[in-house]
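Residue-level structure breakdown
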Amino acid sequence: MTENVDFNARIIAEFRAHHGQVGGNFAGAPLLLLHTVGARSGAARINPMMYLADEGRYLVFASKAGSDRHPDWYHNLLAHPDVRIEVGDDTLAVRAVELHGAERDTHFAEQARRYPGFAGYQRRTERIIPVVALVPTERTTS
């Protein structure tokens, strides 16, 4: 767990220092910082993640690298869907809306086409990887 926290802390620091750009495995990928509130703990959390831009929305994928369990941030969004994201130098208030059916399938397929690792994540698990739209409600800073 500590290793993952340290990894995320490094990505977050690099993201903020370089206006949303990071290197390593995420070099060139669209990345955002998702601010959630713990579903059970109520504690503030920040998770860096890739996204797919979609007509003003930011789509995120609860892959957890193909784990059979959903990531904690997904449960946090279900419990508290009104959150913030950082994209580049902007911070936006957003509402999380899970996509279902054909809409979910179309967007997941597009993400897997652009980043084949996502197709591999889906093959590793029997669960359907959720796709969540983060819909801006207002810009809080620029």
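A brief look at the structure comes next.

Basis of the calculations
- Numbering of residues begins from 1 in every chain and follows the order in which that chain's sequence is written.
- Local features in a predicted model are, by the rule used here, given only for residues with pLDDT of at least 70; side-chain atom pairs are given and counted only at 80 or more, and totals for whole chains, interfaces and linings are based on all residues.
- Working from all heavy atoms in the structure, the side-chain values ignore hydrogens and water.
- Nonpolar cores are built from buried Ala, Val, Leu, Ile, Met, Phe, Trp, Tyr and Cys residues. Side-chain atoms within 4.5 Å join them into one set.
- The rule is simple: take the accessible area with a 1.4 Å probe, protein chains only, and divide by the maximum for that residue type; under 20% is buried, over 50% is exposed, in between is partly exposed.
- Secondary structure counts use DSSP, requiring at least four H or I residues in a row for a helix and at least two E residues in a row for a strand, with both numbered from the N terminus.
- Contacts: residue pairs with any heavy atoms within 4.5 Å of one another.
- Any carboxyl oxygen of Asp or Glu within 4 Å of a side-chain nitrogen of Lys or Arg constitutes a salt bridge here.
- Centres within 6.5 Å make a pair out of two Phe, Tyr or Trp rings, where for Trp the six-membered ring is used; the pair is then stacked when the planes are under 30 degrees apart, edge-to-face when over 60, and tilted otherwise.
- Pairs of N or O atoms within 3.5 Å make up the polar contacts considered here, provided that, within protein, one atom can donate a hydrogen while the other can accept it, and that residues adjacent in sequence are counted only when both atoms are side-chain atoms.
- In this analysis a 1.4 Å probe is tested at points of a 1 Å grid over the protein atoms alone, and where it fits but cannot get out there is a cavity; an open set with protein on both sides within 12 Å along at least five of seven lines is a pocket; lining residues have an atom within 4 Å of a point.
- Grid points are joined across faces, edges and corners, and a volume is the space filled by probe spheres set on the points.
- Under the scheme applied here, ten amino acids are nonpolar (Ala, Val, Leu, Ile, Met, Phe, Trp, Tyr, Cys and Pro), four are charged (Asp, Glu, Lys and Arg), and all others, including Gly, are polar.

Section: the nonpolar core
With 19 residues, the main nonpolar core has Leu31, Leu59, Phe61 and Phe108 as its most contacted residues. For this core, the secondary structure elements donating two or more residues are helix H1 (2-17), strand E1 (31-37), strand E4 (57-61), helix H3 (101-114) and strand E7 (131-141). In terms of residues, this core owes the most to one element, H1, which gives three residues. Not counting chain neighbours up to four residues away, the residues in contact with Leu31 comprise Ile11, Phe15, Gly20, Val22, Phe26, Met49, Met50 and Tyr51.

Quick look at the pattern of salt bridges
If you walk through the whole model with that rule in mind, you get seven salt bridges. The closest approach of N and O atoms between Arg95 and Asp82, which form a salt bridge, is 2.7 Å. Of this pair, Arg95 sits in strand E6 (residues 90-99) while Asp82 sits in strand E5 (residues 82-87), placing them 13 residues apart in sequence. Under the relative-accessibility criterion, Arg95 is labelled partly exposed at 37%. Under the relative-accessibility criterion, Asp82 is labelled exposed at 53%.

A few points about the packing of aromatic side chains
Evaluated as defined, the whole model comprises five aromatic pairs. Residues Tyr51 and Tyr58 carry aromatic rings whose centres are separated by 5.3 Å and whose planes lie at 65 degrees to one another, so their mutual orientation is edge-to-face. The pair formed by Tyr51 and Tyr58 is uniform in burial state, with each residue classed as buried. Here Phe118 and Tyr121 contribute two aromatic rings whose centre-to-centre distance is 5.4 Å and whose plane-to-plane angle is 70 degrees, an arrangement assigned as edge-to-face. Here Phe118 pairs with Tyr121, and both are found in helix H4 (residues 117-124), just three residues apart, close to one helical turn.

Looking at the environment of Glu14
Topologically, Glu14 is positioned in helix H1. Once residues lying within four places of it in the same chain are set aside, the contact partners of Glu14 are Gln21, Val22 and Gly23. Polar contacts involving the side chain of Glu14 include one to the main-chain amide nitrogen of Gly23, which spans 2.8 Å.

Side note on unusual backbone geometry
Non-glycine residue His19 carries a positive phi angle of around 55 degrees. Phi is positive for Ala65, close to 55 degrees, though the residue is something other than glycine. As for its placement among the helices and strands, Ala65 is situated in the loop between E4 and helix H2 (72-79).

Let's talk about the layout of surface pockets
Considering only enclosed or pocket space, the largest pocket measures out at about 1,400 Å³ in volume. What lines the largest pocket is a set of 37 residues, and nearest its centre among them are Asn4, Asn8, Asn47, Pro71 and Trp73. Among the elements of the structure, H1, strand E2 (44-50), E4, H2 and H4 are those that each provide at least two residues to the lining of the largest pocket. It is E2 that contributes the most residues to the lining of the largest pocket, seven residues altogether. Partitioning the lining of the largest pocket into residue classes produces 22 nonpolar, ten polar and five charged.

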